[in-house]
Amino acid sequence: MKHIMTENYEEMSRKVAEMVIGRIREQGNLVLGLPTGNTPIGFYQELVKDYKLNYTSYQHARSINIDEYIGMSGDDPKSYRYYMNHHLFMHINMKKENIHIPNGLAVDVEGECFCYDQVFEEIGPMDVLILGIGHNGHIGFNEPGTSFQSTTHKVELTEETRQMNARHFKSLDRVPEAAITMGLKSMMDSKEIFLMVTGDGKTEAYTQFLNGRVTEDFPASILHSHPNLTVIVDQSTINTPDNR
Ligand code: F6R
């Protein structure tokens, strides 16, 4: 495991963007695993900035997003598809057919999960997966207790995660109760993983991650067994109070 400490959010975002841009330049048809949330917004801004300045091309790149709320259309500003379009895809030249995000409106959720797993079969494991971490150690929407062998599946969101995500909704009762997420096994199949740690109140999660005990009670701990993991930490938010 490599560890990079950065002074602040901007530096963290820039460092991760530099590494990912380097990989794209080396391998045009890179398969990227992408997260949403507050953590990667600066990273996406850096990718967009670089695209405009240096024309790094995504023409042959593929992306697989890690999660989506159930019951939400991609046109809904709270959906992760909308978020991705807004922060990244509308600004770069990745082809629509190369973008994969679970369909939150699928009537047959099991079928949707099965089809999503087929994407890994079709385009291979991810080359680079970028992750944020939740206060309870979740990665994607893999909540504590999720099997390390999990593939794409439906998740009932914990009260804690719903309360955390309520900041993006008008009220808690509007936060969806379920989501589709990439599983932990599929994440671990990625050839390389970048874990970004930032956000008020993440100190406990970070400390627990560092203690290294690998347990399904703390999903991010599985990453310790990955052979090519880089953890990039925004030091300015470590030891800050939890302002949720
Ligand atoms: C989002 C995701 C989540 C977030 C995590 C941290 O696609 O997979 O696991 O990475 O909840 O959220 P933020 O970045 O908002 O602190």
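If you're wondering where the values come from, they're calculated on a predicted model, not measured in any experiment. Numbering of residues starts from 1 in every chain and runs along the sequence as written. A pLDDT threshold of at least 70 governs which residues receive local features in this predicted model, and a stricter bar of 80 or more applies before side-chain atom pairs are shown or counted, although totals over entire chains, interfaces and linings include all residues. To obtain the side-chain values, all non-hydrogen atoms of the structure were included, while hydrogens and water were left out.

**Let's talk about the environment of H91**
- For helices the rule is a DSSP run of H or I covering at least 4 residues; for strands it is a run of E covering at least 2, with both sets numbered from the N terminus onward. Within the secondary structure, H91 sits in the loop between α3 (80–87) and β5 (99–100).
- Exposed residues in this analysis have more than 50% of their type's maximum accessible area, buried residues have under 20%, and partly exposed residues fall in between, with area computed by a 1.4 Å probe over protein chains only. The class for H91 is partly exposed, based on a relative accessible area of 26%.
- Counting along the chain gives 139 residues from H91 to T230, while the straight-line C-alpha distance between them is 27 Å.
- Here, residues are in contact when the closest pair of their heavy atoms is within 4.5 Å. The contacts of H91, once residues within four sequence positions are left out, are V48, Y51, K52, N85 and H86.
- For this analysis, a polar contact is any N or O atom pair within 3.5 Å, provided that within protein one partner can donate a hydrogen and the other can accept it, and provided that sequence-adjacent residues contribute only side-chain to side-chain pairs. One polar contact links the side chain of H91 to the main-chain carbonyl oxygen of H86, over a distance of 2.8 Å.

**Overview of the nonpolar core**
- Side-chain atoms within 4.5 Å are what join buried Ala, Val, Leu, Ile, Met, Phe, Trp, Tyr and Cys residues into a set we call a nonpolar core. L131, L195 and L223 are the most contacted members of the largest nonpolar core, which totals 30 residues.
- Going through the elements one at a time, α4 (109–123), β6 (128–131), α6 (184–188), β9 (192–197), α7 (203–210) and β10 (229–234) are the ones with two or more residues in this core.
- Contacts of L223, omitting those with residues within four sequence positions, involve L131, I139, M188, I193, L195, F209 and L229.
- Of all hydrophobic cores here, the second largest spans 29 residues; its members include V16, M19, L30 and F194.

**Considerations on the sheet that holds β5**
- A pair of strands counts as paired when DSSP detects no fewer than two bridges linking them. One open sheet holds the 7 strands; their spatial order is β1-β10-β9-β6-β2-β3-β5, and the pairing between them is parallel. Each of the sheet's edge strands pairs with one partner strand only, and the pair in question is β1 (2–6) and β5.
- Relative to β9, β6 runs parallel, the two being bridged by 4 bridges. Bridging from a neighbouring strand, L129 pairs with I193 of β9.

**Quick notes on the site of the ligand**
- For the ligand, the set of nearby residues contains 15 residues, the closest of which are T39, D67, H138, G140 and K202.
- In this structure, T36 approaches the ligand through a side-chain N or O atom, which is 2.8 Å from an oxygen atom.
- One nitrogen or oxygen atom from the side chain of K202 is found 2.8 Å from an oxygen atom belonging to the ligand.
- Across the complex, the protein chains shield 93% of the 400 Å² of accessible surface that the ligand would expose by itself. A molecule or strand has a residue near it when one of that residue's heavy atoms lies within 4 Å. Using a 1.4 Å probe, accessible areas were evaluated by the Shrake-Rupley method; residue-level cover was limited to the displayed protein chains.

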